[in-house]
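Coordinates in review
Each chain, written out:
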Amino acid sequence: MASNAAALYKRIQEDPDHKQLLFRQALQDPQGALKAICQLGSKLGLPVTSDEVQEYLSDVDDPETKKWLIKARGGL
């Protein structure tokens, strides 16, 4: 399913409105955002678990994503 996480991330990145919605949710409720990402994956036929999403995001080498993760984790 690791490939599903990559494909799902790509789909989210391609939809600025959905990406922004998930970002805002992650700032207030990171676990809720993970749940929403997993639900979106199921809806799109790209099922993922929370652990798979977290593992994938921890390995992504993208400055924007890294900044997003720091904010979502309360680093600012």
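For the structure given in this document, a descriptive report is provided here. (Residues numbered from 1 in each chain as written. Predicted model: local features only at pLDDT ≥ 70, side-chain atom pairs only at ≥ 80, totals over all residues. Heavy atoms only, no water.)

Moving on, we get to the overall build of the protein. The helix and strand inventory of the protein stands at five helices and zero strands. Counting helices and strands in the order they occur from the N terminus, the protein gives α-α-α-α-α. With 76 residues in all, the protein has 33% of them scored as buried. Taking contacts inside the protein between residues at least 6 apart in sequence as the whole, the part at least 24 apart equals 55%. For the protein, the exposed area adds up to about 5,100 Å²; of that, 53% sits on carbon and sulfur atoms. (Helix = DSSP H or I, 4+ residues; strand = E, 2+ residues; numbered from the N terminus. Buried < 20%, exposed > 50% of the residue type's maximum accessible area, 1.4 Å probe, protein only. Contact = heavy atoms within 4.5 Å. Areas by Shrake-Rupley, 256 points an atom, 1.4 Å probe, with all protein chains shown as cover.)

A few words on the side chain of asparagine 4. Position of asparagine 4 relative to the elements: it lies in helix H1 (residues 2–13). On the accessibility criterion, asparagine 4 (17% relative accessible area) is buried. Side-chain polar atoms of asparagine 4 contact the backbone oxygen of proline 47, separated by 3.0 Å. (Polar contact = N/O pair within 3.5 Å; in protein donor to acceptor, adjacent residues only side chain to side chain.)

Time to look at the packing of helix H2 (residues 16–28) against helix H3 (residues 30–43). H3 packs onto H2 with a crossing angle of 145 degrees between their chain directions and a minimal axis gap of 6 Å. Every residue of H3 that contacts H2 at His18, Leu22, Gln25, Ala26 and Gln28 is listed here: Pro30, Gly32, Ala33, Ala36, Ile37 and Leu40. Split into classes, the residues belonging to the contact of H2 with H3 amount to seven nonpolar, four polar and no charged. (Axes fitted to C-alpha atoms, helices over the stretch in contact; angles between N-to-C directions. Nonpolar A, V, L, I, M, F, W, Y, C, P; charged D, E, K, R; others polar.)

Here we come to the pattern of salt bridges. Enumeration according to the criterion identifies one salt bridge in this entry. The partner of lysine 10 in a salt bridge is glutamate 14, and the shortest N-O contact between them spans 2.6 Å. (Salt bridge = Lys/Arg side-chain N within 4 Å of Asp/Glu carboxyl O.)

Moving on: the packing of aromatic side chains. Summed over the entire model, instances satisfying the criterion amount to one aromatic pair. On the basis of an interplanar angle of 55 degrees and a centroid distance of 5.5 Å, the ring pair of tyrosine 9 and tyrosine 56 is categorised as tilted. Placement of tyrosine 9 in helix H1 and of tyrosine 56 in helix H4 (residues 50–59) is noted, with a sequence separation of 47 residues between them. (Phe/Tyr/Trp six-rings, centres within 6.5 Å; stacked < 30°, edge-to-face > 60°.)

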